[in-house]
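# Observations on chain architecture
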Amino acid sequence: MIFRIPCAVVAFFAICACATAPGGGSTVSSSVAADNGEVGAAPVLTALSVSSLPPGKCGMILWTLDAAQPTPIMRYIAGEGAVVAINGEEVALALVESEGGGRYGVFETQRFFAPTGYEIDVSVQFGLGFEGGSYLESGLVRVNASSGWRIVAPSAGIAGCRNK
C-alpha cells in the first residue's frame, strides 16, 4: 500500500525547516535505541545546521518528523555530494549509485557512502512540481553503519534549483 503525503504537509516541512535554528540539536528517533554513548552505540540522525541549497545550485533537502516537528536530515547538492548529521556531527557523503527517474540532478533511488563507514540509501517519489522544483514524497532514508546498526527514517522533501 502506498501512502501519499499531501503537498500541504510537504510545504509545511519546507517552511518549518527553513525556520529551524542552526544547531538546534534535535534528534530523529531511529529503529534502534542508543546505548548511552557506549562503544557500539546506535547512530542517531540529528538536525542539519544548514538546510537550504546554495544559490545557483540544484539538489534536494529531506526532512523527517521528530517529536512532531519537521527536522532537516539530509542535503544533497547535485554534482558535489551530500551531508547528514549523525550523533550531532555532520558527515560528508559521496554519491556512488543512482537509478530511476531523475530531475534537478536528483534520482528516485540514490546510494551514498562516507569514508567513516556509513552507507546511506535514499528512495523518493517525485510529486507535484513547482517553479524551479518538485516535491519529494514517500521518501525513505536508510543509514547503515559499519558497526552493524541501522537507522530507517521516513522522509519528505523538495528537489530543485535555487536561483543565484
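Predicted model only: the values in this text are computed from it and were never measured.

Further remarks concern the overall build of the chain. Looking only at helices and strands, one finds 1 helix and 10 strands in the chain. Counting from the amino terminus, the chain carries its helices and strands in the arrangement α-β-β-β-β-β-β-β-β-β-β. In the chain, which comprises 164 residues, the proportion classed as buried is 40%. Pairs at least 24 residues apart make up 51% of the contacts formed inside the chain by residues separated by at least 6 positions.

This part takes up the confidence of the model for the chain. When pLDDT is averaged across the chain, the result is 81; 76% of the residues are at 70 or more. Per-residue pLDDT, averaged within each element of the chain, yields its smallest value for helix α1 (residues 7-18) (42) and its largest for strand β7 (residues 106-113) (97). Note that pLDDT drops below 50 for residues 1-38; the model gives that stretch 66 contacts with residues more than four away or on any other chain.

A full pass over the atoms with the stated rule returns 4 salt bridges. The partner of K57 in a salt bridge is E80, and the shortest N-O contact between them spans 2.5 Å. On the criterion of sequence distance, the pair formed by K57 in the loop between β2 (45-46) and β3 (58-66) and E80 in the loop between β4 (69-77) and β5 (81-86) is long-range, its members being 23 residues apart. Where R111 meets D121, a salt bridge forms, and the shortest distance between an N and an O atom there is 2.5 Å. Taken together, the residues span a long stretch of sequence, with R111 in strand β7 and D121 in strand β8 (residues 119-130) at a distance of 10 residues. Since its relative accessible area comes to 29%, R111 is described here as partly exposed. Judged by its relative accessible area of 13%, D121 is buried.

Every disulfide links exactly two cysteines, by a covalent bond between their sulfur atoms. Tallying each qualifying case throughout the model produces 1 disulfide. Disulfide partner of C58: C161, at an S-S distance of 1.8 Å. Torsion about the S-S bond of the C58 and C161 cystine: about 100°, corresponding to right-handed handedness. Of this pair, C58 sits in strand β3 while C161 sits in strand β10 (residues 150-161), placing them 103 residues apart in sequence.

On to the nonpolar core, then. Ranked by size, the top nonpolar core spans 26 residues in total, and within it M60, L62, M74, L93, I120 and V122 carry the most contacts. Those elements that provide at least two residues to this core are β3, β4, β5, β6 (89-103), β7, β8, β9 (133-144) and β10. Among the elements that line this core, the one with the most residues is β8, at 4 residues. Once you skip the residues sitting within four places of it in the chain, L62 turns out to touch T71, P72, I73, M74, V122, V124, L136, V141, S155, A156 and G157.

Another point: the side chain of T64. Among the secondary structure elements, T64 is positioned in strand β3. The exposure class of T64 is buried, given its relative accessible area of 4%. At 2.4 Å, the side chain of T64 and the backbone oxygen of P154 are in polar contact.

Before going further, it helps to examine the pairing of β6. Of the pairings in the sheet, the one linking β5 to β6 comprises 5 bridges and is antiparallel in character. Bridge pairing in β6 places A82 opposite L93. The antiparallel pairing of β5 with β6 creates a hairpin that spans 2 residues between the two strands, and N87 there sits at a positive phi of about 55°. The sheet contact formed by β6 and β7 spans 7 bridges and is antiparallel. Paired with R103 across the strands is V106, a residue of β7.

Cut-off values and rules
Residues numbered from 1 in each chain as written. Predicted model: local features only at pLDDT ≥ 70, side-chain atom pairs only at ≥ 80, totals over all residues. Heavy atoms only, no water. Helix = DSSP H or I, 4+ residues; strand = E, 2+ residues; numbered from the N terminus. Buried < 20%, exposed > 50% of the residue type's maximum accessible area, 1.4 Å probe, protein only. Contact = heavy atoms within 4.5 Å. pLDDT = per-residue confidence, 0-100. Salt bridge = Lys/Arg side-chain N within 4 Å of Asp/Glu carboxyl O. Disulfide = S-S within 2.5 Å. Core = buried A, V, L, I, M, F, W, Y, C linked by side-chain atoms within 4.5 Å. Polar contact = N/O pair within 3.5 Å; in protein donor to acceptor, adjacent residues only side chain to side chain. Pairing = 2+ DSSP bridges.

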